[in-house]
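Given next are the chains, with one letter for each unit.
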Amino acid sequence: METTTPIQDTTRWRVAYQGGPGSNSERAGLTLLAERFVGWPFASFAEATATLASGQADCVLIPVFNSTTGPIHEAIAAISPHDFVVLDTLTLAIEHYLLGNRDAGRHSIVQVLAHPQVAAQCAGWIRRRGYTPVLVDDGALQAADLLQSGRRDIAILGPKGIGDATGLYCIEGPVQDRSDNRTTFRLLTRRELFEPRA
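Attention here is on the structure that accompanies the text.

Parameters and conventions
- Residues numbered from 1 in each chain as written.
- Predicted model: local features only at pLDDT ≥ 70, side-chain atom pairs only at ≥ 80, totals over all residues.
- Heavy atoms only, no water.
- Helix = DSSP H or I, 4+ residues; strand = E, 2+ residues; numbered from the N terminus.
- Contact = heavy atoms within 4.5 Å.
- Buried < 20%, exposed > 50% of the residue type's maximum accessible area, 1.4 Å probe, protein only.
- Phe/Tyr/Trp six-rings, centres within 6.5 Å; stacked < 30°, edge-to-face > 60°.
- Lys NZ or Arg CZ within 6 Å of the ring centre and 35° of its normal.
- Arc of directions from axis to C-beta.
- Salt bridge = Lys/Arg side-chain N within 4 Å of Asp/Glu carboxyl O.
- 1 Å grid on protein atoms, 1.4 Å probe; cavity = no way out; pocket = protein on both sides within 12 Å on 5 of 7 lines; lining within 4 Å.
- Points joined across faces, edges and corners; volume = space filled by probe spheres on them.
- Nonpolar A, V, L, I, M, F, W, Y, C, P; charged D, E, K, R; others polar.

Focus on the side chain of Ser25
- Counting through the fold element by element, Ser25 comes out in helix α1 (residues 24-33).
- Other than its neighbours up to four places away in sequence, Ser25 contacts Tyr17, Gln18, Leu61, Pro63 and Phe185.

So, the environment of Lys160
- Looking at where Lys160 falls in the secondary structure, it is placed in helix α7 (residues 160-166).
- In this structure Lys160 comes out as partly exposed when scored by relative accessible area, which is 40%.
- Lys160 sits 16 residues away from Gln176 along the chain, and the two C-alpha atoms are 12 Å apart.

Some words on the packing of aromatic side chains
- In the structure shown here, the tally under the stated rule is 3 aromatic pairs.
- Ring centres of Tyr17 and Phe37 lie 6.1 Å apart, and the angle between their planes is 40°; this geometry places the pair in the tilted category. Of this pair, Tyr17 sits in strand β2 (residues 13-18) while Phe37 sits in strand β3 (residues 37-42), placing them 20 residues apart in sequence. The same class applies to Tyr17 and to Phe37, which are both buried.
- The ring of Trp40 carries Arg14 above its face, with NZ or CZ at 3.7 Å from the centroid.
- The ring of Trp13 has Arg36 lying over it, and the distance from NZ or CZ to the ring centre is 5.3 Å.

Brief notes about helix α2 (residues 45-53)
- Along α2, the residues classified as buried are Phe45, Ala48, Thr49, Thr51 and Leu52. All buried residues of α2 project into a common sector of 155° when viewed along the axis, lining one side.
- Lining the buried residues of α2 we find β2, β3, β4 (59-66), α3 (73-79), β6 (84-93) and β12 (182-190).
- Two residues or fewer after α2 comes Gly55, characterised by a positive phi angle close to 90°.

Focus on the pattern of salt bridges
- By the definition in use, this model includes 5 salt bridges.
- For the salt bridge of Arg151 with Asp153, the shortest nitrogen-to-oxygen distance reads 2.7 Å.
- Asp153 sits in the partly exposed class, given a relative accessible area of 26%.
- Two residues, Arg178 and Asp180, come together in a salt bridge whose shortest N-O distance is 2.8 Å.
- By relative accessible area, which is 38% here, Asp180 ends up partly exposed.

Considerations on empty space enclosed by the protein
- Tallying each qualifying case throughout the model produces 1 cavity of 30 Å³ or more.
- Approximately 280 Å³ is the volume attributed to the largest cavity.
- In terms of lining, the largest cavity is formed by 22 residues, of which the most central are Gln18, Asn24, His115, Val118 and Asp138.
- Those elements that provide at least two residues to the lining of the largest cavity are α1, α4 (116-121), α6 (139-149), β10 (154-158) and β12.
- Top contributing element to the lining of the largest cavity by residue count: α4, with 3 residues.
- Per-class residue counts for the lining of the largest cavity are 10 nonpolar, 11 polar and 1 charged.

Take a look at the structure:
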């Protein structure tokens, strides 16, 4: 995939991504595009990518590599069939936190909801705590249901931004296994929207 230069740098872009409010993909989009970022969250990489391919979104933001777990195969597979071009690449430091309802505590938690990548990046910590991981499409997308339930035995693993965006409390963190945990994101678009550099 070649890197391109946008035709209009001031345009607000509708960016599809996997995740929800406070997710690392949302943070990556805001870091790359600032006020131009108009996020469009989806439950899966395939849904986000299909939205760009169909012309409904201007871009898609996809995590492609994590320093702890390696290539993010599900995301790479979602973009592989398409002739997209890479607009920009960003690597972010990634921290994960145990997030729950106000009255929940470390010792009341039994299950932790986490995206498979998050669970893998925190596998050692989950094992040491004795929690049962429950794999979900994205922790950010589960936050509203957890808040409404008021349950003290379930928490979400994910970035602190999920708590900031939804009202969940930070119980513990950061809890990822490696302090140098980083993820590389690619911002992609359809070839016809941008002019390649000379």
